[in-house]
There are 2 protein chains.
Amino acid sequence: MDKIYIDASRVFKALGDPRRAMIVDMLSCGELCACKILEKFDISQSTLSHHMKLLCECGLVVGRNEGKRTYYSHSAEGIAKTKQFFCDITSDKENCICRRNKF
Amino acid sequence: MDKIYIDASRVFKALGDPRRAMIVDMLSCGELCACKILEKFDISQSTLSHHMKLLCECGLVVGRNEGKRTYYSHSAEGIAKTKQFFCDITSDKENCICRRNKF
DNA sequence: ACCTCACATTGAACTTTTTCGATAGGTTAA
DNA sequence: TTAACCTATCGAAAAAGTTCAATGTGAGGT
């Protein structure tokens, strides 16, 4: 299995949870600290921390520490890469010019 | 939890498996019958059938029966919807004009 | 120094997903 | 009508993901 599929799948897996997809949407309005995000969900603090970790590890979100708070925001690079990958695997390739595989 | 996140997350969850992401990529060269897809993976036939079912159920892929074979191909509508959703939740919204939520 | 606050980590229970072998259903070929 | 072929479904086992309470960590405030 090509590493490129595994890396991209990690991002999609992260977005595969409705709460995490909603968190990414929330961050489109700008960075938010964890406590603000937590207010919007009926989950424990440790659960949110786990979700944020996954979003950061897949490269879609970045965290920034300021004092005792952590602010999260979109990672423009991670988002661009994911968008590109999605377009790559979903756009029709004439004459079967598959860049990743030869089928 | 808004239904729109749940529906979109189902697609991302489907793409969250590297094999399924690879299958979607394979289909960008045009429709393929299940047996051709199966050749490319070291998995059982029933496992592939399960993967294809998930890809179809989330709306990203469509199946077509012809004789004893089943041909799978991209669903242009499902792909367009998913792309739109991804753009919605990842594009910066000035002045916090969040369409889905008010944060 | 001590306490509180914000967040991360750990460990365990629970749920979901993945996978395969076995089997069923429908199609084509002999 | 058999038999072979292709795919879907079922049931069970294994793997992975989710969640929370408890605890750890590190920054500020008293």
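Our structure's up above, just so we're on the same page.
Report follows, based on the coordinates.

The rules behind each value
- The numbering scheme is per chain: residues are counted from 1 as the chain's sequence reads.
- Chain letters start at A and ligand numbers start at 1, both assigned in the order the entries are written.
- Only residues with pLDDT of 70 or above have their local features reported here, since the model is predicted, and side-chain atom pairs are shown and tallied only from 80 upward, although totals for entire chains, interfaces and linings are computed over all residues.
- Hydrogens and water molecules were not included; the side-chain quantities draw on all heavy atoms of the structure.
- A 1.4 Å probe that fits into a set of points on a 1 Å grid over the protein atoms alone but cannot get out defines a cavity; an open set with protein on both sides within 12 Å along at least five of seven lines defines a pocket, and lining residues are those with an atom within 4 Å of a point.
- Grid points are joined across faces, edges and corners, and a volume is the space filled by probe spheres set on the points.
- Each helix is a run of H or I in the DSSP string that is no shorter than four residues. Each strand is a run of E no shorter than two, and both are numbered from the N terminus.
- Each residue receives one of three labels: charged for Asp, Glu, Lys and Arg, nonpolar for Ala, Val, Leu, Ile, Met, Phe, Trp, Tyr, Cys and Pro, and polar for the others, Gly being one of them.
- Here, proximity means that at least one heavy atom of the residue falls within 4 Å of the molecule or strand.
- Polar contacts here mean pairs of N or O atoms no more than 3.5 Å apart (in protein, one a potential hydrogen donor and the other a potential acceptor; neighbouring residues in sequence count only if both atoms are side-chain atoms).
- Note on terminology: disulfide denotes any pair of cysteine sulfur atoms within 2.5 Å.
- Only protein chains enter the calculation, and the probe is 1.4 Å; a residue is then buried if its accessible area is under 20% of its type maximum, exposed if over 50%, and partly exposed in between.
- Contacts are assigned to residue pairs that have any heavy atoms within 4.5 Å of one another.
- Once two parts are brought into contact, the accessible area they lose, counted with a 1.4 Å probe and summed over both, makes up the buried area.
- For salt bridges, the criterion is a side-chain nitrogen of Lys or Arg within 4 Å of an Asp or Glu carboxyl oxygen.
- To line up the copies, we fit them by least squares on C-alpha atoms, keeping just the residues with pLDDT of at least 70 in both.

Observations regarding empty space enclosed by the protein
Line of reasoning, step 1. Applying the stated criterion to the full structure yields two cavities of 30 Å³ or more.
Line of reasoning, step 2. For the largest cavity, the calculated volume is near 50 Å³.
Line of reasoning, step 3. Elements that contribute at least two residues to the lining of the largest cavity include exactly α5 (76-90) of chain A together with α5 (76-90) of chain B.
Line of reasoning, step 4. Classifying every residue of the lining of the largest cavity by side-chain character gives five nonpolar, two polar and two charged.

A closer look at the protein's contact with DNA strand D
Line of reasoning, step 1. Neighbouring DNA strand D are 23 residues; T47(A), H51(A), Q45(B), S46(B) and Y72(B) lie closest to it.
Line of reasoning, step 2. Each atom of DNA strand D within 4 Å of the protein was classed as base or backbone; sugar and phosphate made up 65%.
Line of reasoning, step 3. Between DNA strand D and the protein, one listed contact pairs a phosphate oxygen with a side-chain N or O atom of K13(A) at 3.2 Å.
Line of reasoning, step 4. Elements with a contribution of two residues or more to the surface near DNA strand D: α2 (18-27) and α4 (45-57) of chain A together with α3 (34-39), α4 (45-57) and β3 (69-74) of chain B.
Line of reasoning, step 5. Per-element accounting of the surface near DNA strand D gives the leading share, five residues, to α4(A).
Line of reasoning, step 6. Across the surface near DNA strand D, the residue classes break down as six nonpolar, 10 polar and seven charged.

Remarks on the state of the cysteines
Residues and elements named next belong to chain A.
Line of reasoning, step 1. Summed over all chains, the structure comprises two disulfides over all chains.
Line of reasoning, step 2. Covalent S-S linkage joins C33 and C35, the inter-sulfur distance amounting to 2.5 Å. Disulfide C33-C35: torsion about the S-S bond near -45 degrees, hence left-handed.
Line of reasoning, step 3. Residue classification places C33 among the buried residues on the basis of a relative accessible area of 5%.
Line of reasoning, step 4. Sulfur of C58: no disulfide; nearest cysteine sulfur belongs to C56 and is 8.2 Å away.
Line of reasoning, step 5. On the basis of relative accessibility, which here comes to 12%, the residue C58 falls in the buried class.

Describing the interface of chain A and chain B
Line of reasoning, step 1. On the side of chain B, 38 residues touch chain A, which itself brings 38 residues to the contact.
Line of reasoning, step 2. Buried surface at the junction of chain A and chain B, both sides included, amounts to about 3,300 Å², of which 72% is carbon and sulfur.
Line of reasoning, step 3. On the surface where chain A and chain B come into contact, there are two salt bridges.
Line of reasoning, step 4. D25(B) is paired through a salt bridge with K93(A); the nearest N and O atoms lie 3.6 Å apart.
Line of reasoning, step 5. On inspection of chain A and its partner chain B, the count reaches eight residue pairs in polar contact (both at pLDDT 80 or more).
Line of reasoning, step 6. If you list the elements that add at least two residues to the side of chain A that touches chain B, you get α1 (3-15), α2 and α5 of chain A.
Line of reasoning, step 7. Considering every element that reaches the side of chain A that touches chain B, the biggest residue donor is α5(A), with eight residues.
Line of reasoning, step 8. Across the side of chain A that touches chain B, the residue classes tally to 19 nonpolar, eight polar and 11 charged.

Section: α2(A)
Helical geometry note: an α-helix holds 3.6 residues per turn, so side chains three or four residues apart project in the same direction.
Line of reasoning, step 1. With nine of 10 residues buried, α2(A) is to be regarded as a mostly interior element.
Line of reasoning, step 2. Between the side-chain oxygen of the N-cap and the backbone nitrogen of R19(A) there are 2.8 Å, and the N-cap of α2(A) in question is D17(A).

Remarks on the relation of the copies chain A and chain B
Line of reasoning, step 1. At an RMSD of 0.1 Å, chain A and chain B line up after a rotation of 180 degrees and a shift of 0.0 Å along the axis. These values place the two chain copies in the arrangement generated by a two-fold rotation axis.
Line of reasoning, step 2. A shared binding surface is used by both copies, with 100% of the interface residues of chain A retained as interface residues in chain B.

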